[in-house]
Amino acid sequence: MDLRSSSSVSVTSIGYTGVASISADALVLDASNNATTVRAFVSKVVPGPYRWGIYVNNTLLVSCPANATSCAATARPPIGSVQEVEVFVAQDLPLSSIPTNDVRTSDSVLLRTLEWSGAVSLTSSASQLDAQTTAATVTATASKEIALPYVLAFYDTLGHEAGSCSSVPSGGSCALSVSLPPGTTVVYRAYVTQFASPDQGPGNSAAESGPVTITSIPADNNVSGVDLLSAQALLLQRFSTQQEACVALGEVEPSNAVYHGTAPDITLDCNAMGIGQALKSAVATLGAAAVIAIIAHAINGTAPKTTTSTVWPPAPTTGSGSGGSDQGLASIERQLMSRRDATNYPQASYRPTDQEVRSMASQCQSQALAGYFSLEDCLTKTLFLPGAAAMGAAQNDASAISGGAPAQLHFVTSSSNALQRGWYKASSTPNDCQLPYDGATINCDEYPFYSTNEAGPPNTLNPIGATLKLVPALENREEGRQLQAMTTTCAMQSGSTVSAPLLGTAYLVAPMPNVLPRTAFICGDPNAR
């Protein structure tokens, strides 16, 4: 056979040569709207046998058209999660694992859905129920929109769910109608949570309101000549809130044996059960004459005196309605305002307003009654009160304190602190702050604060260790800015954790995110340790 042939040529297929990329309309998502559009691009059309698609956490989100150079889909990262999104071009496109056959891929983007970070407040149309007022409306108001999977739920003292709303607009409210059997008292709180249980409480809630106490007065409103409804009405006319009236009733420590030592019980009963029920209980233990004297003392601001009258209300006392006990809320306000006025605030914006001081005084009183610190400490030591401008951080502080962390901390500078910043990253105990996050928009908040003797893992001053939470960076920085301003303005002395422990200047932390619009402080004695 007579053959002729050319020289050979080698042909090599180098496969797909385009470039893939990925973007997202939003990287950090809100709990109430956790949807974002992810967009994939290729520089060249993807021919067969190649295929391409978008993957989220190694799972196929969408397969993209072969004749297109762009592709989009909606991603919904679960609340509190971080998801990685990327584009794959390959000859295989599995559903639940990444491609492995001749693969090209893009850089990835991280999507994060934050937990709900607003605040919730609680009010009631009435604190006492009787024959005239048979029901109260308890109203919870949310600072941010609430949508599933979060709900706004009401719980009573025993952890029983009393009602809930699954959808609340920003600034909107959810209402609960309350009727109680005579002679009972129930404390309600509102929670924003994903894990509402009918009988086991709200689980790990994202926000918690303050308490609202409702008491149903028994039908026998006249006990041994003491008209409970009249007494209650006069006390609430004299004082702006039930809490103030309860404290005034408790400001009784006379030497007369019939009264001595009973006052704290009256205050506690009043806070727990309401004014009417507390007075009824006091009549049973002290007698009508003693209770009438106590009521007169609270309303008139006079020292209690033994009286033989067994009818309430007694004859008016000279000066009634304008006085006040020197140990009452007004006295606390005066002392705090005096401390504020004696402080040289370097910037006028740091100086608390009169209204803020009044809120601080009320907080001092309630926190002291709750046992977080003593009233004496509140009147002598520096006060730091994180407010709504530092919402996420303030809520973390409040949650930590209610969970057993100390409300009194001691100042330590960075140079005197053996604890490394970011210590929680290397902690053997898993925590939220070990998750990847964008430091420009998200920060790790720790309570007790890093700049204290109590900071870090469990220690002798704080056996439960720091409470850690990812919060919006702006809110965390607001708290840190005011904390630094306080340590400078109040000339606080640093302790040390480097060698022998040395406690720094003590200060009290009383978060008020639902009351104070900003974070505020009042200096105390810088030498108080």
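Our structure is the block above this text.
Residues numbered from 1 in each chain as written. Predicted model: local features only at pLDDT ≥ 70, side-chain atom pairs only at ≥ 80, totals over all residues. Heavy atoms only, no water.

Draft legend 1. The arrangement of the sheet that holds strand β10 (residues 120–124) in detail. With respect to topology, three strands assemble into an open sheet ordered β10-β12-β15, the strand pairing being antiparallel. A single partner strand is all that each edge strand has here, and the edge strands are β10 and β15 (173–178). Each strand axis lies, on average, 20 degrees off the axis of its neighbour in the sheet, ignoring direction. Of the strand pairs in this sheet, β10 and strand β12 (residues 136–142) are connected by five bridges, and their pairing is antiparallel. By the bridge assignment for β12, Thr123 is matched with Thr139. (Pairing = 2+ DSSP bridges. Helix = DSSP H or I, 4+ residues; strand = E, 2+ residues; numbered from the N terminus. Axes fitted to C-alpha atoms, helices over the stretch in contact; angles between N-to-C directions.)

Draft legend 2. View of the sheet that holds strand β6 (residues 70–75). If you trace the three strands from one edge of the open sheet to the other, you get β1-β3-β6, paired in antiparallel fashion. What marks the edges here is a single partner per strand, and that holds for β1 (20–24) and β6. Direction aside, neighbouring strands of the sheet carry axes that sit 20 degrees apart on average. Alignment of β1 against strand β3 (residues 36–42), held across five bridges, turns out to be antiparallel. Bridge pairing in β3 places Ser23 opposite Arg39.

Draft legend 3. Representation of helix α10 (residues 473–489) within the structure. Given a rise of 1.5 Å per residue, 17 residues ought to cover 24 Å, and the 24 Å separating the end C-alpha atoms of α10 matches this to within 8%. Among all positions of α10, only Ala473, Glu475, Asn476, Glu478, Glu479, Gln482, Leu483, Ala485, Met486, Thr487 and Thr489 are buried. Residues of α10 that are buried in the fold lie against β21 (382–385), α9 (391–402), β23 (442–447), β24 (467–472), β25 (506–509) and β26 (520–522). Looking one or two residues past α10, Ala491 carries a phi angle of roughly 50 degrees, positive in sign. (Expected span 1.5 Å × (residues − 1). Buried < 20%, exposed > 50% of the residue type's maximum accessible area, 1.4 Å probe, protein only. Contact = heavy atoms within 4.5 Å.)

Draft legend 4. Region of the structure containing the state of the cysteines. Inspection of the entire model under this criterion finds five disulfides. Across the disulfide, Cys165 is cross-linked to Cys174 (sulfur-sulfur distance 2.0 Å). Across the disulfide from Cys165 to Cys174, rotation about the S-S bond amounts to roughly 80 degrees, and the bridge is consequently right-handed. The disulfide partner of Cys364 is Cys378, and the S-S distance across this bridge is 1.8 Å. Handedness of the Cys364-Cys378 disulfide follows from its S-S torsion of about -75 degrees: it is left-handed. Of this pair, Cys364 sits in helix α7 (residues 354–370) while Cys378 sits in helix α8 (residues 375–380), and the two are 14 residues apart along the sequence. Here Cys364 matches Cys378 in class, with each residue buried. (Disulfide = S-S within 2.5 Å.)

Draft legend 5. Molecular detail of the pattern of salt bridges. Counted according to the given criterion, the structure contains ten salt bridges. Here Asp102 and Arg104 are joined by a salt bridge, their closest N and O atoms 2.2 Å apart. Residues Arg481 and Glu478 are paired through a salt bridge, measuring 2.7 Å at the closest nitrogen-oxygen approach. Of the two residues, Arg481 and Glu478 are both situated in helix α10; the distance of three residues between them amounts to about one turn of the helix. Here Arg481 falls in the partly exposed class, since its relative accessible area comes to 41%. Beyond isolated ion pairs, a larger network of salt bridges with shared partners links Arg340, Asp341, Arg351 and Asp354. (Salt bridge = Lys/Arg side-chain N within 4 Å of Asp/Glu carboxyl O.)

Draft legend 6. Up close: the nonpolar core. Counting residues in each nonpolar core, the largest one holds 39 residues, and the members touching the most others are Leu336, Tyr447, Phe449, Met486, Tyr507 and Phe521. Elements represented by at least two residues in this core include exactly α6 (329–341), α7, α8, β21, α9, α10, β25 and β26. Filtering out sequence-adjacent residues up to four positions away, Met486 remains in contact with Thr382, Leu383, Phe384, Met492, Tyr507 and Phe521. (Core = buried A, V, L, I, M, F, W, Y, C linked by side-chain atoms within 4.5 Å.)

Draft legend 7. Broad picture of the packing of α9 against α10. Between α9 and α10, the least distance of the axes is 6 Å, while the angle of their chain directions is 70 degrees. It follows from the interaxial angle that α9 and α10 lie roughly perpendicular. Each of Met391, Gly392, Ala393, Ala394 and Asp397 in α9 lies in contact with α10, whose residues at this interface are Glu475, Asn476 and Glu479. Classifying every residue of the contact of α9 with α10 by side-chain character gives three nonpolar, two polar and three charged. (Parallel < 35°, antiparallel > 145°, perpendicular 65-115°, else oblique. Nonpolar A, V, L, I, M, F, W, Y, C, P; charged D, E, K, R; others polar.)

Draft legend 8. Local environment of helix α4 (residues 275–286). Over its twelve residues, α4 extends 16 Å from the first C-alpha to the last, a length consistent with the 16 Å expected when each residue adds 1.5 Å. Every buried residue of α4 is accounted for by Ile275, Gly276, Gln277, Ala278, Leu279, Ala282, Val283 and Leu286. At the C-terminal side of α4, Gly287 shows a positive phi close to 100 degrees.

Draft legend 9. Representation of the side chain of Thr113 within the structure. Its place among the elements puts Thr113 in strand β9 (residues 109–113). Its relative accessible area of 0% is what places Thr113 among the buried residues. Among the polar contacts made by the side chain of Thr113, one reaches the main-chain carbonyl oxygen of Pro77 at a distance of 2.8 Å. (Polar contact = N/O pair within 3.5 Å; in protein donor to acceptor, adjacent residues only side chain to side chain.)

Draft legend 10. Main features of unusual backbone geometry. That bond from Gly48 to Pro49 is cis: its omega, 10 degrees, falls within 30 degrees of zero. Tracing the chain through its elements places Pro49 in the loop between β3 and β4 (51–56). Pro448 follows Tyr447 through a cis peptide bond whose omega is 0 degrees. Residue placement: Pro448 occurs in the loop between β23 and β24. Its identity is not glycine, yet Asn58 carries a phi of approximately 65 degrees, on the positive side. For Asn58, the position within the fold is in the loop between β4 and β5 (59–63). Judged by relative accessible area, which is 39%, Asn58 ranks as partly exposed. Despite not being glycine, Asp102 shows a phi value in the positive range, around 55 degrees. Within the fold, Asp102 resides in the loop between β7 (82–90) and β8 (104–105).

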